[in-house]
Every structure is written in C-alpha cells, then in structure tokens.
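Topology and contacts: notes
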Amino acid sequence: MPEPPPAEDPDVDLHLPAHRAELRSGRASLLGAVALGGALGAGARYGVTLLWPTPHGGFPWAVACVNTAGCALIGVFMVLHEELGSPHRLLRPFVGVGVLGGFTTFSTYAADTRTLLAAGRPLVALADLAAVPLLALAAVAVSARVTRACVARIRNAEGAR
Amino acid sequence: MNWLLVLVGGALGAPLRYLTDRAVQSRHESAFPWGTLTVNVLGCLGIGLLTGAVLAGAAPSELRLLLGTGLCGALTTYSTFSYETLRLAESGAALQAAANVGVSVLAGFGAVLLGDAAASAAWG
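Bear in mind that the values here come from a model prediction, so they are computed numbers and not experimental data.

1. Regarding the overall build of chain A
Counting secondary structure elements, chain A contains six helices and zero strands. The linear arrangement of helices and strands in chain A, starting from the amino end, is α-α-α-α-α-α. Residues classed as buried in chain A amount to 49% of the 161 residues present. Carbon and sulfur atoms form 70% of the exposed surface of chain A, whose accessible area is close to 7,700 Å². If the 13 positive side-chain charges of chain A are averaged to one point and the 11 negative ones to another, these points end up 2 Å apart.

2. Remarks on the pattern of salt bridges
For the structure on display, the rule yields seven salt bridges over all chains. For Asp13(A), the salt bridge goes to Arg87(B), with nearest N and O atoms at 2.8 Å. With Asp13(A) in the segment before α1 (17-21) and Arg87(B) in helix α4 (residues 79-90), this pair bridges two chains. The class for Asp13(A) is buried, based on a relative accessible area of 6%. Glu83(A) is paired through a salt bridge with Arg155(A); the nearest N and O atoms lie 2.9 Å apart.

3. Regarding helix α3 (residues 62-75) of chain B
In this model α3(B) runs 18 Å from its N-terminal to its C-terminal C-alpha over 14 residues, within 8% of the 20 Å that 1.5 Å per residue would give. Every buried residue of α3(B) is listed here: Leu65(B), Gly68(B), Thr69(B), Gly70(B), Cys72(B), Gly73(B), Ala74(B) and Leu75(B). In the core, the buried residues of α3(B) are packed alongside α2 (27-51), α4 (91-103) and α5 (107-118) of chain A together with α1 (2-25) and α2 (34-55) of chain B.

Criteria and thresholds
- Residues numbered from 1 in each chain as written.
- Chains lettered and ligands numbered in written order.
- Predicted model: local features only at pLDDT ≥ 70, side-chain atom pairs only at ≥ 80, totals over all residues.
- Heavy atoms only, no water.
- Helix = DSSP H or I, 4+ residues; strand = E, 2+ residues; numbered from the N terminus.
- Buried < 20%, exposed > 50% of the residue type's maximum accessible area, 1.4 Å probe, protein only.
- Areas by Shrake-Rupley, 256 points an atom, 1.4 Å probe, with all protein chains shown as cover.
- Lys, Arg positive; Asp, Glu negative; His and termini not counted.
- Charge placed at Lys NZ, Arg CZ, Asp CG, Glu CD.
- Salt bridge = Lys/Arg side-chain N within 4 Å of Asp/Glu carboxyl O.
- Expected span 1.5 Å × (residues − 1).
- Contact = heavy atoms within 4.5 Å.

Listed below in structure tokens is the structure:
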C-alpha cells in the first residue's frame, strides 16, 4: 500500500484554511513565535560552528551536520504535528518555521562551497555541494518514515487493547 | 555581543522567510515550492554580497554575524526545502522533486557567485 503524501508544509501551505487564516488571527503572536524560534535556531547553529570550527579549505562538517540534523528533526516533527490533530496554532510556526528553519541554512551551505572554490579546493567544494542535499533528503525521508511507522505501531497497539 | 548579533539576525530572518514564502505562494497555484526557492536564492545573493563587501573592506566583519550567520542564515532553510522535496516525491511528482533540488542548489550557488561578483565590482 502506498504511503499517504505528507499533507502539511512546514513553513506555510496556503491550500490549508488554518494556514491561510493564521496571519489574520494574532499577527503579532505568530510573527513573534517565528522570530523567537528563528533566534534560538540561529543561535544553536552559531554555537555548533564555534564548538566545531572548519579549518581553512576543510569540509564544512558543522554546517553539513546542522543541516542534516535539522532535516531529520523536521521529518519527526511534521509527522507528529499532523498526528496531533488540533495542535496549538503557534507550535508549527515556532518549531517548524522558527527553530528548525533558523537552525538549518541554505545560504551558509552555498557560501561555504564558494569559499572552498576560492581556496583552491574544487573537489571538496563539489563534495559539499553534492553531499549535503543527499544527506538532507535521506535524513528527512528516513525520519518521516520511521516516525510514521512508530505512530502506526502505537495506534495498532492501542486498537488491540 | 557576537551572540546578540546572531540572535537579532535570526529573529529578523525567520519571520522574513515566513512572510516572503506566504507572498510568493499566494501568487501561484502549483505544488512547486517557489516560496522557499525564492528565500533561499535571495539569502544566497545576500550572503554573496556580504562576503564580497567584507573581503573588499567595505563592511566590518561583525556584519557577517548579524547579516550572514543570523539574517541570511535564518532567511534561508534546509529543513523546509528538504521536507517540501519529500512531499513532492511522495505525492508522485518525482520530476518536480528532482527539479526542486537541482534548481535550488544551482541557483543558490549561482546567487552567491553573483552577489560576490557584484560586491567586488562595486567596492573591489
């Protein structure tokens, strides 16, 4: 049996009435939740790069791991969020848009590749450019699948009782 | 102080992504995530400009933390990009999923090069 497609977008899905309405009902709290999440996510990413600095011309492991971890976490989060049925209206904006969106970054990933190229490391640059999307997509696909399987098992166990 | 710069940048970048994504998504009906592609390319252009400006000595390096790590870092996203790609793939739009990855990576990298070149031309 094919798995149902994920119904909801982490940032905003204007096909969903709840997402369309969320900016009208409480604009300040919504943008505040996104901003707070974004600050926390960006701060956490900055902390990781301080603890795990990339040597000149080296593969940017810290940002690659931040992005892969963020993609794994969004897979878990979005599946659980859909399972919740009627979650708090600021939960997805705070965690999905803010924390995980702010934690992961596309700009630093692309800029690191450019820096590697300028440092005369074209192979490392190419490896970064190609490996991060593959790692990120594998992470989100596996995490969403495993989370759905866990949710289904729990549902079945509850149904059997 | 460094932390504050990153936090302020992050607090600005994430809502800017949400609002830009919303504005772009309200202008088309397709399932393709144009909104996330837009913020990612814009953020890459921004970080390219910034890197070029700092290297040319036209901008203080603290701006990198505020505008680079914070603002552009939070304006762009890998988590939403990957989840939207998964959504496309699982809904049967494998070609669109692959196109999203290819276009995002190439356009993002191209935008960094473009921003860097523009900054070098302006201040180099």
